[in-house]
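This is what each chain is made of:
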Amino acid sequence: MPTQDFGTVTGLQYAPAGHLKSWAWRYLIWLDSQSPSHAWTCTDTAWEADLELLTTDQHSAAVEVSQE
């Protein structure tokens, strides 16, 4: 079941990405308290293609994480 979590990027790793057959940046996401998965975890990881920038106001932004 696909979910769309959201939060703030707090770190990144250069890691082997099997789906790309190469190395790529993988992002560490600190989930927002309203994010669907926050009930059982406070962090997630995501590849760049899974991120979407969400502007919350003119001074801050968050990312949405697509998971399939």
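This one's a predicted model, so the numbers in the text were calculated from it and none came from an experiment. (Residues numbered from 1 in each chain as written. Predicted model: local features only at pLDDT ≥ 70, side-chain atom pairs only at ≥ 80, totals over all residues. Heavy atoms only, no water.)

## Notes on the overall build of the chain
Each helix and strand counted, the chain has 0 helices and 5 strands in total. Taken from the N to the C terminus, the helices and strands of the chain come in the order β-β-β-β-β. Sequence separation of at least 24 residues holds for 32% of the intrachain contacts in the chain that already meet a minimum separation of 6. Working note: accessible area of the chain is about 4900 Å², and carbon and sulfur atoms make up 54% of it. (Helix = DSSP H or I, 4+ residues; strand = E, 2+ residues; numbered from the N terminus. Contact = heavy atoms within 4.5 Å. Areas by Shrake-Rupley, 256 points an atom, 1.4 Å probe, with all protein chains shown as cover.)

## Quick look at the packing of aromatic side chains
Counted by the stated rule, this structure contains 2 aromatic pairs. Aromatic rings pair up to connect Tyr14, Trp23 and Trp25 into one cluster. (Phe/Tyr/Trp six-rings, centres within 6.5 Å; stacked < 30°, edge-to-face > 60°.)

## Concerning the nonpolar core
Membership of the largest hydrophobic core is limited to 6 residues, which are Tyr27, Ile29, Leu31, Ala46, Val63 and Val65. Here this core gets 3 residues from one element, more than from any other, and that element is strand 2 (residues 22-31). Filtering out sequence-adjacent residues up to four positions away, Ala46 remains in contact with Trp25, Arg26, Tyr27, Ile29, Leu51 and Val65. (Core = buried A, V, L, I, M, F, W, Y, C linked by side-chain atoms within 4.5 Å. Buried < 20%, exposed > 50% of the residue type's maximum accessible area, 1.4 Å probe, protein only.)

## Examining a nonpolar patch on the surface
Taken together, Leu12, Tyr14, Trp23 and Trp25 make up a surface patch of nonpolar side chains, about 480 Å² in accessible area. Those elements that provide at least two residues to the nonpolar patch are strand 1 (3-17) and strand 2. Along the chain, Tyr14 falls in strand 1. (Patch = residues over 30% accessible without salt bridge, like charges linked within 9 Å, V, L, I, M, F, W, Y side chains within 5 Å. Salt bridge = Lys/Arg side-chain N within 4 Å of Asp/Glu carboxyl O.)

## Topic: the confidence of the model for the chain
For the chain, per-residue confidence averages 84 on the pLDDT scale, and 79% of positions sit at 70 or higher. Confidence scores differ between elements of the chain, with strand 5 (residues 60-67) showing the lowest mean pLDDT of 65 and strand 2 the highest of 94. (pLDDT = per-residue confidence, 0-100.)

## Re the side chain of Ser35
Structurally, the position occupied by Ser35 is in the loop between strand 2 and strand 3 (43-47). Under the relative-accessibility criterion, Ser35 is labelled buried at 4%. In this structure the side chain of Ser35 is engaged in a polar contact, spanning 2.8 Å, whose partner is the side chain of Asp5. Setting aside residues no more than four positions away along its own chain, Ser35 makes contact with Asp5 and Phe6. (Polar contact = N/O pair within 3.5 Å; in protein donor to acceptor, adjacent residues only side chain to side chain.)

## Structural notes on unusual backbone geometry
Here the phi dihedral of Lys21 falls at roughly 55°; this positive angle occurs in a residue that is not glycine. Checked against the element boundaries, Lys21 lands in the loop between strand 1 and strand 2.

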